[in-house]
Amino acid sequence: MTKDAIHSRVVSLDRLTYLRETWRSQGKKVVFTNGVFDLLHRGHVTYLAAAAAHGDVLVVGVNGDASVRRLGKGPERPIVAEADRAAVVAALRSVEAVVVFDTDTPLALIQHLQPDVLAKGGDYDASVSDPEDPQYIVGSAEVRAYGGTVTTIDLVPGQSTTGMAEKLKNG
């Protein structure tokens, strides 16, 4: 994939709106997921490929740097800047578009995109309806309200950015 092709997959909200209408007119099923994707690893790649298999087009929301800092993942996070994380995710074959968001949650992005499928990792629970529950999938009520589906993807055991960062830090 060329540098220009990767760059064209990292899109603004306006461009995403245009793409969503194009995909809708083509009858394509749009899947959305989100995450930090700091230090991309096998778990991420496996997860994104599995999410993509739930539809025709996978859109990934990548937490912006300020958003990552507010998530409380530690003072050293993110390790990789948002533009670089977005470009690496966009280079994956399973990903059609990447949009960076700086809000604490991707709710506004999900409401705007209105994906047919909302996917999250298996550390979340699609059946949880209480937004205060840590296993609640943000946007799940909204997606279901317009007829979309919510699914979880099994995680690859032993694969985490936090674990990788600790290993790098401690040798």
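Only a predicted model underlies this, so the values are computations on that prediction, with no experimental measurement involved.

1. A word on the pattern of salt bridges
Applying the stated rule across the entire model yields 5 salt bridges. One salt bridge in this structure joins Asp 65 and Arg 85, with 2.8 Å as the shortest N-O distance. Of this pair, Asp 65 sits in helix H4 (residues 65-70) while Arg 85 sits in helix H5 (residues 82-90), placing them 20 residues apart in sequence. Both residues of the pair, Asp 65 and Arg 85, count as buried.

2. Focus on the environment of Lys 73
Relative to the assigned elements, Lys 73 resides in the loop between H4 and H5. Looking at Lys 73, the relative accessible area reads 38%, which means it is partly exposed. Spatially, the C-alpha atoms of Lys 73 and Ala 50 are 25 Å apart, while their sequence positions differ by 23 residues. Those residues in contact with Lys 73, other than ones at most four positions away along the chain, are Val 36 and Val 68.

3. Digging into the sheet that holds strand S4 (residues 117-121)
Strands sit in the order S3-S2-S1-S4-S5 across an open sheet of 5 strands; the sheet is parallel. Strand pairing shows two members of the sheet lacking a second neighbour, strand S3 (97-101) and strand S5 (149-153), which therefore form its edges. Neighbour to neighbour, the strand axes of the sheet diverge by 25° on average, direction disregarded. Here H5 sits on the sheet in contact with strand S2 (57-63) and S3, set at roughly 160° to S3.

4. A word on unusual backbone geometry
In terms of backbone geometry, most residues other than glycine have negative phi values and most peptide bonds are trans. That bond from Arg 77 to Pro 78 is cis: its omega, 0°, falls within 30 degrees of zero. Secondary-structure assignment places Pro 78 in the loop between H4 and H5. The phi torsion at Phe 37 lies on the positive side, around 55°, for a residue other than glycine. Turning to its location among the elements, Phe 37 is positioned in the loop between strand S1 (30-35) and helix H3 (42-52). In this model, Leu 39 sits at a positive phi of 55°, which is unusual for a non-glycine residue. Structurally, the position occupied by Leu 39 is in the loop between S1 and H3. When its relative accessible area of 18% is taken as the criterion, Leu 39 is described as buried.

5. Here we look at the side chain of Asp 38
Locating Asp 38 in the fold gives a position in the loop between S1 and H3. Under the relative-accessibility criterion, Asp 38 is labelled buried at 0%. A polar contact of 2.9 Å, which involves the side chain of Asp 38, links it to the side chain of Arg 77. In terms of polar contacts, Asp 38 uses its side chain to reach the backbone amide nitrogen of Ile 79, at 2.7 Å.

Reading the values: the criteria
- Residues numbered from 1 in each chain as written.
- Predicted model: local features only at pLDDT ≥ 70, side-chain atom pairs only at ≥ 80, totals over all residues.
- Heavy atoms only, no water.
- Salt bridge = Lys/Arg side-chain N within 4 Å of Asp/Glu carboxyl O.
- Helix = DSSP H or I, 4+ residues; strand = E, 2+ residues; numbered from the N terminus.
- Buried < 20%, exposed > 50% of the residue type's maximum accessible area, 1.4 Å probe, protein only.
- Contact = heavy atoms within 4.5 Å.
- Pairing = 2+ DSSP bridges.
- Axes fitted to C-alpha atoms, helices over the stretch in contact; angles between N-to-C directions.
- Polar contact = N/O pair within 3.5 Å; in protein donor to acceptor, adjacent residues only side chain to side chain.

Spatial relationships are all this shows, so hold off on functional conclusions.
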